[in-house]
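Architecture and fold: a report
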Amino acid sequence: VAYSHIAAAQDASPASESSSPSEGDPAPIDVVPLNVDEGALLLNGDWSFKYIPALSAGADEAFYQPDFSVTTWASIPVPANWEIHGFAEPHYYMDLQDGLGLYRRPFQVPAEWKDRVIYLRFEGVAYAFQVWVNGKQAGTSNASAFNPNIFDITSFLNSDSGADNLLAVRVTTKPVAWQSDVNDD
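Fair warning: this is a prediction, and the values are worked out from it, not measured in the lab.

Rules used in this analysis
- Residues numbered from 1 in each chain as written.
- Predicted model: local features only at pLDDT ≥ 70, side-chain atom pairs only at ≥ 80, totals over all residues.
- Heavy atoms only, no water.
- Pairing = 2+ DSSP bridges.
- Helix = DSSP H or I, 4+ residues; strand = E, 2+ residues; numbered from the N terminus.
- Axes fitted to C-alpha atoms, helices over the stretch in contact; angles between N-to-C directions.
- Contact = heavy atoms within 4.5 Å.
- Phe/Tyr/Trp six-rings, centres within 6.5 Å; stacked < 30°, edge-to-face > 60°.
- Buried < 20%, exposed > 50% of the residue type's maximum accessible area, 1.4 Å probe, protein only.
- pLDDT = per-residue confidence, 0-100.

1. Some remarks on the sheet that holds strand 3 (residues 45–52)
Pairing in this open sheet of 6 strands is antiparallel, and the strands run 4-3-5-10-7-8 from one edge to the other. Looking along the sheet, the strands with just one partner apiece sit at the ends: strand 4 (74–78) and strand 8 (136–141). Neighbour-to-neighbour, the strand axes of the sheet open up by a mean angle of 30 degrees, direction not taken into account. Examined bridge by bridge, strand 7 (residues 128–133) and strand 10 (residues 164–172) share 6 bridges and lie antiparallel to one another. Each bridged residue has a counterpart across the sheet, and for W132 the counterpart in strand 10 is A168.

This is the structure:
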């Protein structure tokens, strides 16, 4: 998982990415501040992590549920690459191996973000991934690791000020159509 953070929009009305505002509607807002220190919470740091050399999580399938125990899992710094940290051998192109990286991290939303729309942004994840917040699926992506991904996670958050929230991410080495992606020369 690459650099990631959550950011608060200025008000509780999310901007529509697929349509332009009508007369009288507020203009779309920049949901990711230019200065990450203001209006964003970095999620970099140590995350609980488990690498599985398969495309099925098996006994860890429900890892995204808040009551799932990860006490035996390793820790990995984010941003990071699990191969560089010794969890698997690097493989490329048609030699890409089956693998899943399961990540979990608790976080708290700042009290001053109450009544704001909250977005989760990943600056890049290799390869495909799914995201859960507090056990509820918040999004998926099959985009390249060079594309940022943004998810509105407002409805999945614990609304109490200072409440713990749980972010879980499942990364697969073989996303949909991975073979055409490695053969696009």
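Next, the rest of the story.
2. What to know about the side chain of D60
Take D60: it is sitting in the loop between strand 3 and strand 4. Discounting chain neighbours no more than four positions away, the residues touching D60 are K50, I52, F68, W73 and L102.

3. Some words on the packing of aromatic side chains
One pass over the structure, following the stated rule, counts 13 aromatic pairs. Centroid distance W47 to Y103: 6.2 Å. Interplanar angle 85 degrees. Geometry classified as edge-to-face. Of this pair, W47 sits in strand 3 while Y103 sits in strand 5 (residues 100–108), placing them 56 residues apart in sequence. Residue W47 is classed as buried on the basis of its relative accessible area of 1%.

4. Topic: the confidence of the model for the chain
Low pLDDT marks stretches whose predicted atomic positions should not be read closely. When pLDDT is averaged along the chain, the result is 79, and 72% of the positions lie at 70 or above. Here helix 1 (residues 178–182) is the element of the chain with the lowest mean pLDDT, 54, and strand 3 is the one with the highest, 96. Note on residues 11–22: pLDDT is under 50 here. Beyond four places in sequence and across chains, it has 19 contacts.

5. Points about unusual backbone geometry
Residue P79 is reached from V78 by a cis peptide bond, and omega for that bond is 5 degrees. Among the structural elements, P79 can be located in the loop between strand 4 and strand 5. Following A126, the chain continues to Y127 via a peptide bond in cis, the omega torsion being 25 degrees. Despite not being glycine, N134 has its phi angle at roughly 55 degrees, a positive value. You can see N134 is positioned in the loop between strand 7 and strand 8. The exposure class assigned to N134 is buried, which follows from its relative accessible area of 14%.

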